[in-house]
Amino acid sequence: MEQLAPSELDDVTHAEYRLLYDAAARNVLFAKRQQWRMVEYFTLIALALVAIGIAVPFAPDVTRFVAGFLSFVGAASLGVVAMLQSWQGNEHAKMAYLATDFSNFARNALRRKPKLSGDIHRYLMLLLMLLYIVVLDVVVVRLLLDIAR
């Protein structure tokens, strides 16, 4: 069994590192929750516009405006989801930097999931979120334009 090599940081600095590491982990979770909320809110807006369009059909010019509005909200959602992903990447980098001065057991535990594997999972989820927003936007815009005919 490997011998414990404790952190060489003094107690105050170690406490600072732990505080910064915990804050970065909370930021990652917050940003991920916000990404999912953006997807959820976009879905709710799209469904609400479809429901309104079915219940009270829009005039053709209003339909074009509503479709443009939905596409604008979709583009904004794509941008926000991408910015939140970038923020998560920065927080992960901060956590990796801080972990270099932790004990050998802590570093080994943090390496149990390879960085490449984590990156692949994160960016696959990002791709699926972005693709979902684009596809939903296209489908709803087409549906709204078809209802207006």
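This one's a predicted model, so the numbers in the text were calculated from it and none came from an experiment.

Draft legend 1. Structural detail: the packing of helix 2 (residues 60-99) against helix 4 (residues 115-148). Relative to each other, helix 2 and helix 4 sit at 175°, their axes nearing to 9 Å. By the criterion of interaxial angle, the relationship of helix 2 to helix 4 is roughly antiparallel.

Draft legend 2. Spotlight on the pattern of salt bridges. Taken as a whole, this structure holds four salt bridges when the rule is applied. Put simply, D119 and R122 hold a salt bridge, and the shortest N to O gap is 2.3 Å. Of the two residues, D119 and R122 both sit in helix 4, three residues apart, roughly one turn of that helix. The same class applies to D119 and to R122, which are both buried. Where salt bridges share partners, they join K115, D119 and R122 into one cluster.

Draft legend 3. Highlighting the packing of aromatic side chains. Taken as a whole, this structure holds three aromatic pairs when the rule is applied. On the basis of an interplanar angle of 75° and a centroid distance of 5.9 Å, the ring pair of F30 and W87 is categorised as edge-to-face. Here F30, found in helix 1 (residues 11-55), pairs with W87, found in helix 2; they are 57 residues apart in sequence, far enough to count as distant. Accessibility expressed as a relative area gives 29% for W87, which makes it partly exposed. One aromatic cluster is present, formed by Y17, Y21 and F102 through successive ring pairs.

Draft legend 4. Representation of the environment of A106. Here A106 is to be found in helix 3 (residues 104-110). Taking the C-alpha atoms as reference points, A106 and L127, 21 residues apart in sequence, are found 31 Å from one another.

Draft legend 5. Main features of the nonpolar core. Counting 18 residues, the largest nonpolar core has F42, L70, V140 and L144 as its most contacted members. Those elements that place two or more of their residues in this core are helix 1, helix 2 and helix 4. Ignoring any residue separated from it by four or fewer positions in sequence, one finds V140 in contact with A46, V50 and L70. Ranked by size, the runner-up nonpolar core spans eight residues in total, among them Y17, A24, L98 and F102.

Draft legend 6. The arrangement of the side chain of D119 in detail. The buried category is assigned to D119, whose relative accessible area is 18%. Looking at D119, its side chain comes within polar contact range of the side chain of K115, at 2.7 Å.

Calculation rules
Residues numbered from 1 in each chain as written. Predicted model: local features only at pLDDT ≥ 70, side-chain atom pairs only at ≥ 80, totals over all residues. Heavy atoms only, no water. Axes fitted to C-alpha atoms, helices over the stretch in contact; angles between N-to-C directions. Helix = DSSP H or I, 4+ residues; strand = E, 2+ residues; numbered from the N terminus. Parallel < 35°, antiparallel > 145°, perpendicular 65-115°, else oblique. Salt bridge = Lys/Arg side-chain N within 4 Å of Asp/Glu carboxyl O. Buried < 20%, exposed > 50% of the residue type's maximum accessible area, 1.4 Å probe, protein only. Phe/Tyr/Trp six-rings, centres within 6.5 Å; stacked < 30°, edge-to-face > 60°. Core = buried A, V, L, I, M, F, W, Y, C linked by side-chain atoms within 4.5 Å. Contact = heavy atoms within 4.5 Å. Polar contact = N/O pair within 3.5 Å; in protein donor to acceptor, adjacent residues only side chain to side chain.

Shape is all these values report; function is a separate question.
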